[in-house]
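Reading the structure
The chain contents come next:
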Amino acid sequence: MAGPEFDYLAFFKEEIRHESAAIKIGAVNKLNLIASALGPQKTVSDLLPFIKNVVKEEPLCNDEEFLFSMAKQYAVLADYINGQDDLLIEPLEHLAAQEETVIRDQAINSLCTVIGRRPQLAPEHLVPTLHRLATKPDFFTARVSACALLPTAYRFSNEEQKAGLRKAYTALCADDTPMVRRAAAHKMRDLAAVCDKNDFLTDLIPVYLQLSQEDTQDTIRVACVYTTLVIAKMFNQEENRQYTLNVIKAAVEDRSWRVRLTVAKNFDQLCAAFGPDIVAAELLKSFITLLKDNEQEVRKEAVRVIEPCIHLPNHLTPAQLQDVILPQFSPLGLDTAQPVRAALAQVLGPVAKVLGRDVTQRSLLSLISDLMKDEFHDVRLNMLSHAGLICEVLSVDGLVHSLLHTIQNLIMDNHWRIRQSVVEQVPKLARLFGVDMFQSKLEALFLSSLRDSVHSVRQAAIKHLKEIADTFGSQWTVEHLLPKLVEQYSQSAGYANRVTTLHVLPQVSGVMTPDQIVQFLVPLLVKATKDSVPNVRFCACKMIIWMMENHNLGVTSIQTSIKPTLMELEHDSDIDVQYYAQRAIALC
């Protein structure tokens, strides 16, 4: 333990000059402890001047990991200098001009953190810092950092300074160095978010339009699409038609697929920003172009974004869906790219819900059926995930002869995820069909899922059997379902099937009375405790524990049937069986 005369600063100086990088970086990362030990006065008078100089001296000025850690710790030191945060700005400015990107980014983050805590420092300290960085001629990295600082500086500066910052930003956007122009473009949306609309229209719209036509870097044009998402919400309809709409229309036709992809991915947000009138008059035509794009990634994202579009408050109307977008579905269903067909399968359910039964039956049913049989399993899987919703839209009469046969086949699919997806849709189908249709068309296939070779499919069947029992009620469960489950519990079957049957019992017990549980389930559990396989025996004990904890089985049943059986298992050859038997006995 350090004595009262221990020199913490000397110790820190020694540590950061250590040959071991781990010790050196460890010392920097614990700078807060040194500052805490020194106190605010010595931290300001001794520690801060030392670390300000040491980052500029050999050899530490070339140690990138050290500089990165220092950039991070400056924000932490703000808690230990008694509100004199302005002393941190200058050393962080030095680090923000470094060549290594991660050092600059961390210095900017620390500067923004310091200013976020003390916004009043921005006009006097941060804005001059930004102007110095923005006009450093020797190396472009300082100007890149100036771009990153602009939104924060602008937000907290006064009106006079804001005009100067907009002028500085305009200069950065016209910089000779491509990396600076790119950095400025990427910060335009953040700057637009804190900029007054009239100021943006006066000073920054020319810059926005100029960057949107940047020939050399597609990332700048991508950034302009993201900026449009912000400023289109600020502008009225006339201003959008004059300034931003043509930028998006040009981006849809852009030679770079990344720009087109950005529009496709964010089309729902563009719709929300521009409003229903411009969407109907202009953007839907552009959207059709994206659906026909020659890049599969663009087509896929254009299809995927249809669902969020129809969930918008001013969403695509059923008429727009039917007249403009629906005709594109047939060629997309035959698209050579499997991900495109998979994306289409994912949106057909929500689209069908908006269009209603008649249009779905007339225009989508054959496509839905084809996609359910698609050779690519992700297409089948996505289509199946909305099977219940589509059946709900079509109603039983419209569905029985068209899709049910396909669904029956898919429950035997080679891919286990397909089989699991069918199992997950069965409860919704059961509610739609009713008892008779379920028993004749789906029951046998569903129960066969309890014997599936894949554990996840069996677990899904166990979980969803509860919903089916809840749907059809106690009488049907006891008189019809339970005998079939008991029948599945067979010594000739693999032990995994017997364990699965035991796991089903708690699921169906929810609709049964205590007397029915004692009459029908307890005998099967007692039988399972005598199974030749230890896994079945301790599973039976676990199910008995669950039953006693969740149902009132009655003293007579417990004392005459359950407890004597469990007593025999106390000395079982398998230690797990003994453990669960003893836990169950404790509840008797």
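Quick look at the structure, then.

For the rest of this paragraph, the subject is the overall build of the protein chain. Across its full length, the protein chain carries 35 helices and zero strands. A globule of 588 residues ought to have a C-alpha radius of gyration of about 25 Å, yet the protein chain, at 34 Å, is considerably larger. If one aligns the C-alpha atoms of the protein chain with their principal axes, the spans along those axes are about 85 × 75 × 35 Å. Taken over 588 residues, the protein chain has a buried fraction of 53%. In the protein chain, 68% of the contacts between residues at least 6 apart in sequence involve partners at least 24 apart.

Tallying each qualifying case throughout the model produces zero disulfides. The thiol sulfur of Cys-195 is not disulfide-bonded, and the nearest other cysteine sulfur, from Cys-173, lies at 12 Å. Residue class for Cys-195 comes out buried when judged on its relative accessible area of 6%.

Let's shift gears to unusual backbone geometry. The amide bond that connects Glu-58 to the next residue, Pro-59, takes the cis arrangement and shows omega of -5°. Within the fold, Pro-59 resides in the loop between helix H3 (31–54) and helix H4 (64–77). Phi angles above zero are rare outside glycine, and Asn-82 is one such case at about 60°. Tracing the sequence through the fold places Asn-82 in the loop between H4 and helix H5 (89–96). Here Asn-82 falls in the exposed class, since its relative accessible area comes to 65%.

Packing of helix H18 (residues 296–304) against helix H22 (residues 338–355) leaves a shortest axis separation of 8 Å and a crossing angle of 0°. By the angle class used here, H18 and H22 are roughly parallel. Where H18 approaches H22, its residues Gln-296, Arg-299, Lys-300, Val-303 and Arg-304 are matched on the opposing element by Pro-339, Val-340, Ala-343, Leu-344 and Val-347.

Right, let's get into the packing of aromatic side chains. Enumeration according to the criterion identifies 10 aromatic pairs in this entry. Between Phe-267 and Phe-287, the aromatic rings sit 4.5 Å apart at their centres with planes inclined by 25°, giving stacked as the arrangement. Here Phe-267, found in helix H16 (residues 267–274), pairs with Phe-287, found in helix H17 (residues 276–291); they are 20 residues apart in sequence, far enough to count as distant. Phe-287 carries the same exposure label as Phe-267, and that label is buried. With 5.5 Å between their ring centres and 55° between their planes, Phe-438 and Phe-472 make a pair best called tilted. With a gap of 34 residues between them, Phe-438 in helix H28 (residues 435–441) and Phe-472 in helix H30 (residues 455–488) connect regions that are remote in the sequence. Exposure class is identical for Phe-438 and Phe-472. Each is buried. Connected via pairs of aromatic rings, a cluster forms that spans Phe-200, Phe-235 and Tyr-243. Positioned above the aromatic ring of Phe-50, the side-chain terminus of Lys-13 is 5.0 Å from the ring centre. Sitting over the face of the ring of Tyr-226, Arg-189 holds its NZ or CZ atom 4.6 Å from the ring centroid.

Side chains of nonpolar character tend, in soluble globular proteins, to be buried together. Grouped together as the largest cluster of nonpolar side chains are 132 residues, with contacts concentrated most on Phe-329, Leu-364 and Leu-502. Residues in contact with Phe-329, not counting those within four places in the same chain, are Ile-306, Leu-344, Leu-348, Val-351, Leu-364 and Leu-367. Counting residues in hydrophobic clusters, the runner-up holds 78 residues, among them Leu-133, Ala-183, Phe-200 and Tyr-243.

What follows covers H18. Residues separated by three or four positions in an α-helix point in the same direction, a consequence of the helix having 3.6 residues per turn. When H18 is considered as a whole, its buried residues turn out to be Val-298, Arg-299, Glu-301, Ala-302 and Val-303. As for H18, its buried residues are in contact with helix H15 (257–265), H17, helix H19 (306–310), helix H21 (329–333) and H22.

This part takes up the packing of helix H7 (residues 121–134) against helix H9 (residues 159–173). At a minimum axis separation of 11 Å, H7 and H9 run at an interaxial angle of 20°. One element, H7, and the other, H9, form an angle in the roughly parallel class. Of the two elements, H7 crosses H9, and the hand of that crossing is left-handed. Facing H7, whose interface residues are Pro-123, Val-127, Leu-130, His-131 and Ala-134, H9 presents Gln-161, Gly-164, Leu-165, Ala-168 and Leu-172. For the contact of H7 with H9, the per-class residue count stands at seven nonpolar, three polar and no charged.

Okay, the environment of Arg-155 next. With respect to the helices, strands and loops of the structure, Arg-155 is situated in helix H8 (residues 140–156). Residue classification places Arg-155 among the exposed residues on the basis of a relative accessible area of 54%. Considering only alpha carbons, one finds Arg-155 and Val-194, 39 residues apart in sequence, at a separation of 5.8 Å. Setting aside residues no more than four positions away along its own chain, Arg-155 makes contact with Lys-162 and Val-194.

Let us now look at the environment of Pro-308. Take Pro-308: it is sitting in helix H19. When the C-alpha positions of Pro-308 and Leu-334 are compared, they lie 23 Å apart, and in sequence the two are 26 residues distant.

Time to look at helix H32 (residues 514–528). Helix length check: H32, at 15 residues, gives a terminal C-alpha distance of 20 Å against a target of 21 Å (1.5 Å per residue), a fit within 8%. Along its length, H32 reaches its greatest deviation from straightness, about 40°, at Leu-521, and the proline Pro-523 lies no more than four positions downstream. Within H32, the full set of buried residues consists of Gln-516, Ile-517, Leu-521, Val-522, Leu-524, Leu-525, Val-526 and Ala-528.

This paragraph deals with the side chain of Thr-262. Mapped onto the elements of the fold, Thr-262 is located in helix H15. A residue is classified by how much of its surface remains accessible, and Thr-262, at 7% relative accessible area, is buried. Those residues in contact with Thr-262, other than ones at most four positions away along the chain, are Val-222, Val-225 and Tyr-226.

One pass over the structure, following the stated rule, counts 29 salt bridges. Across the pair Lys-249 and Glu-282 runs a salt bridge whose closest N-O atoms are separated by 2.9 Å. You can see Lys-249 sitting in helix H14 (residues 237–252) and its partner Glu-282 sitting in helix H17, a full 33 residues away along the chain. Here Arg-341 ties to Asp-374 by a salt bridge, and the two come within 2.8 Å at their closest N and O atoms. Of this pair, Arg-341 sits in helix H22 while Asp-374 is found in the loop between helix H23 (357–372) and helix H24 (377–384), placing the two residues 33 residues apart along the sequence. Residue Arg-341 is classed as buried on the basis of its relative accessible area, which comes to 6%. Owing to a relative accessible area of 10%, Asp-374 belongs among the buried residues under this scheme.

This paragraph deals with the side chain of Ser-286. Summarising the element assignment, Ser-286 is placed in helix H17. The contacts of Ser-286, once residues within four sequence positions are left out, are Lys-249 and Val-252.

Conventions we followed
- Residues numbered from 1 in each chain as written.
- Predicted model: local features only at pLDDT ≥ 70, side-chain atom pairs only at ≥ 80, totals over all residues.
- Heavy atoms only, no water.
- Helix = DSSP H or I, 4+ residues; strand = E, 2+ residues; numbered from the N terminus.
- Rg over C-alpha atoms; globule rule 2.2 N^0.38 Å.
- Buried < 20%, exposed > 50% of the residue type's maximum accessible area, 1.4 Å probe, protein only.
- Contact = heavy atoms within 4.5 Å.
- Disulfide = S-S within 2.5 Å.
- Axes fitted to C-alpha atoms, helices over the stretch in contact; angles between N-to-C directions.
- Parallel < 35°, antiparallel > 145°, perpendicular 65-115°, else oblique.
- Phe/Tyr/Trp six-rings, centres within 6.5 Å; stacked < 30°, edge-to-face > 60°.
- Lys NZ or Arg CZ within 6 Å of the ring centre and 35° of its normal.
- Core = buried A, V, L, I, M, F, W, Y, C linked by side-chain atoms within 4.5 Å.
- Left-handed = near helix turned anticlockwise from the far one by under 90°.
- Nonpolar A, V, L, I, M, F, W, Y, C, P; charged D, E, K, R; others polar.
- Expected span 1.5 Å × (residues − 1).
- Bend = angle between axes of the 7 residues up to and from the residue.
- Salt bridge = Lys/Arg side-chain N within 4 Å of Asp/Glu carboxyl O.

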